[in-house]
Amino acid sequence: MTEFKFGLIGGGVMGEALLSRLIAQKIYSPQDAIVSEPQAQRRAVLQQQYGVEVTDDNRKAAEVSEVLLLAVKPQILDAVISDLAALSLGDTPNPESETVIISILAGVPLSKLESAFLHRPVVRVMPNTPATVGAGISAIAAGKAVKPDHLERAQNILGAVGEVVEVPESLLDAVTGLSGSGPAYVALMVEALSDGGVAAGLPRAIASKLALQTVLGTAELLQQTGMHPAELKDRVTSPGGTTIAGVGKLEQAAFRSALIEAVKAACERSKELGR
Ligand SMILES: NC(=O)C1=CN([C@@H]2O[C@H](COP(=O)(O)OP(=O)(O)OC[C@H]3O[C@@H](n4cnc5c(N)ncnc54)[C@H](OP(=O)(O)O)[C@@H]3O)[C@@H](O)[C@H]2O)C=CC1
Ligand SMILES: O=C(O)[C@@H]1CCC=N1
């Protein structure tokens, strides 16, 4: 009889982010989770930290999983596919016990995954790292063999780590450029704001606290009120005041254009990774 487990292929940054939250939220208990990871040191860390079973054998993780999360780099996918080739992956007349494959790989299209995994239910997802603290956002697109029960299973898992939006697959590269890569852009901004505070004479610890809470508080305000960002900017900029002096400098440095170009470049890179 199949043991129903959560199988993770690739215990790196994003795999761990999702695993940690799923365990903390009790979506899966540690004994129901198995992680396949080639690096012994990494396996030891994951086993110690989360109490999950670990292996270096991708087939072992896949064979016992009701949900198989692929979290390797896109460049490694072919090796994983050849490891899992010809596995039955929960082959059963009952779709409820069929293994659902969730791929978080940037760029990799459903068509490639579906042909590699012999038309199994595959859900392509782009999550982001705030998933670690339950504040993530994932965009998902379902493959051809995905039935409502499979989609519900994927949504439950991703819902435990943050918000979930369903999008046509054609939009997933754009999602990757924005929310998938976005935490890095925001982290750069927090760091730079803190540096600015230090340049203006603040001690580092206070500058970092001010920078972080400013980003958090602004996001919270926009979310709670539904206010347009331009309106908030107008409210903060007093005539002849400090903020418009700062905004002028940002415009001179093409701040908004830089962010637009960053999202577009990351979207393009996602497309390239899928080719
Ligand atoms: N980081 C992020 O914010 C996000 C990442 N993603 C996607 O998640 C995926 C993983 O990214 P990320 O976590 O950053 O990368 P990592 O390199 O941190 O994680 C990948 C893990 O897979 C392991 N691995 C390598 N080869 C194999 C193999 N043959 N079988 C099983 N595991 C293997 C790696 O081990 P080793 O280190 O020994 O090579 C590593 O631990 C990518 O496809 C990325 O596009 C999606 C959304 C956000
Ligand atoms: O940088 C990357 O390729 C991955 C995908 C989205 C975030 N990190």
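Residues numbered from 1 in each chain as written. Chains lettered and ligands numbered in written order. Predicted model: local features only at pLDDT ≥ 70, side-chain atom pairs only at ≥ 80, totals over all residues. Heavy atoms only, no water.

A. Focus on the site of ligand 1. Close to ligand 1 lie 23 residues; V13, M14, E37, V72 and A106 are nearest. Contacts to ligand 1 include G12, whose backbone N or O atom sits 3.4 Å from an oxygen atom. In this structure, an oxygen atom belonging to ligand 1 sits 2.9 Å away from a main-chain N or O atom of V13. Protein coverage of the free-state accessible area of ligand 1, which is 880 Å², stands at 76%. Looking at side-chain class alone, the shell around ligand 1 contains 14 nonpolar, 7 polar and 2 charged residues. (Near = heavy atom within 4 Å. Polar contact = N/O pair within 3.5 Å; in protein donor to acceptor, adjacent residues only side chain to side chain. Areas by Shrake-Rupley, 256 points an atom, 1.4 Å probe, with all protein chains shown as cover. Nonpolar A, V, L, I, M, F, W, Y, C, P; charged D, E, K, R; others polar.)

B. Geometry of helix α12 (residues 255–274). Along its 20 residues, α12 runs 29 Å from first to last C-alpha, staying within 8% of the 28 Å computed at 1.5 Å per residue. Of all the positions in α12, only A266, C267 and S270 are classed as buried. Projected onto a plane normal to the axis of α12, the buried residues spread over an arc of 100° and lie on a single side. If you follow the buried residues of α12, they end up packed against α7 (172–180) and α8 (182–199). (Helix = DSSP H or I, 4+ residues; strand = E, 2+ residues; numbered from the N terminus. Expected span 1.5 Å × (residues − 1). Buried < 20%, exposed > 50% of the residue type's maximum accessible area, 1.4 Å probe, protein only. Arc of directions from axis to C-beta. Contact = heavy atoms within 4.5 Å.)

C. Just the domain arrangement of the protein chain, in detail. Here the protein chain is partitioned into domain 1 (4–172) and domain 2 (180–274). Averaged C-alpha coordinates put domain 1 and domain 2 at centres separated by 32 Å. Across the contact, 12 residues belong to domain 1 and 7 residues belong to domain 2. Sorting the residues of domain 1 by area buried against domain 2 places A106, G107 and N128 first, and these three jointly supply 39% of that buried surface. Applying the counting rule to domain 1 against domain 2 returns 0 salt bridges. Looking at the side of domain 1 that touches domain 2 residue by residue, the classes come out as 7 nonpolar, 4 polar and 1 charged. (Domains from an automatic or database assignment. Buried area = accessible area lost by both parts, 1.4 Å probe. Salt bridge = Lys/Arg side-chain N within 4 Å of Asp/Glu carboxyl O.)

D. The environment of E191, seen in detail. Tracing the chain through its elements places E191 in helix α8. The spatial distance from the C-alpha of E191 to the C-alpha of H228 is 25 Å, given a sequence separation of 37 residues.

E. Geometry of the site of ligand 2. Contacts to ligand 2 come from A106, T176, G180 and S181. In the complex, the protein chains occlude 45% of the 250 Å² of accessible area that ligand 2 would expose alone. In terms of residue class, the shell around ligand 2 is built from 1 nonpolar, 3 polar and no charged.

F. Region of interest: the pairing of strand β1 (residues 5–9). For β1, the tally of buried residues reaches 5 of 5 residues, placing the bulk of the element in the interior. Of the two faces of β1, the one lined by K5, G7 and I9 and the one lined by F6 and L8 are each fully buried. Note: β1 against strand β4 (residues 65–70), 5 bridges, orientation parallel. Paired with K5 across the two strands is S65, which belongs to β4. Bridge analysis of β1 against strand β2 (residues 33–36) gives 4 bridges, and the strand direction is parallel. If you follow F6 over to β2, its bridge partner there is A33. In this region the chain leaves β1, passes through helix α1 (residues 13–24) and returns to the parallel neighbour β2; the handedness of that crossover is right-handed. (Pairing = 2+ DSSP bridges. Right-handed = clockwise from strand over helix to strand, strands pointing away.)

G. Up close: the packing of α7 against α8. Packing of α7 against α8 leaves a shortest axis separation of 5 Å and a crossing angle of 25°. Between α7 and α8, the crossing angle belongs to the class labelled roughly parallel. Of α8, the residues touching α7 (which contributes G177, L178, S179 and G180) are G182, P183 and Y185. Among the residues forming the contact of α7 with α8, the class breakdown is 3 nonpolar, 4 polar and no charged. (Axes fitted to C-alpha atoms, helices over the stretch in contact; angles between N-to-C directions. Parallel < 35°, antiparallel > 145°, perpendicular 65-115°, else oblique.)

H. Focus on the nonpolar core. Counting 32 residues, the largest nonpolar core has F6, L19, V52 and I102 as its most contacted members. At the level of elements, β1, α1, β2, α2 (40–50), β4, β5 (100–103), β6 (122–126) and α6 (148–159) are the ones that each hand at least two residues to this core. When residues of this core are assigned to their parent elements, the largest contribution, 6 residues, is made by α1. By size, the runner-up hydrophobic cluster in this structure holds 26 residues, among which are I34, A61, I81 and L105. (Core = buried A, V, L, I, M, F, W, Y, C linked by side-chain atoms within 4.5 Å.)

I. Focus on the packing of α8 against helix α9 (residues 204–225). Closest axis-to-axis distance for the α8/α9 pair is 8 Å, and the angle between their directions is 135°. Classified by the interaxial angle, the pair formed by α8 and α9 is oblique. Crossing of α8 over α9 shows right-handed handedness. Contacts between α8 and α9 pair V186, M189, V190, E191, L193, S194, D195, G197 and V198 from the former with R204, A207, S208, A211, L212 and V215 from the latter. Tallied by class, residues from the contact of α8 with α9 come to 9 nonpolar, 3 polar and 3 charged. (Left-handed = near helix turned anticlockwise from the far one by under 90°.)

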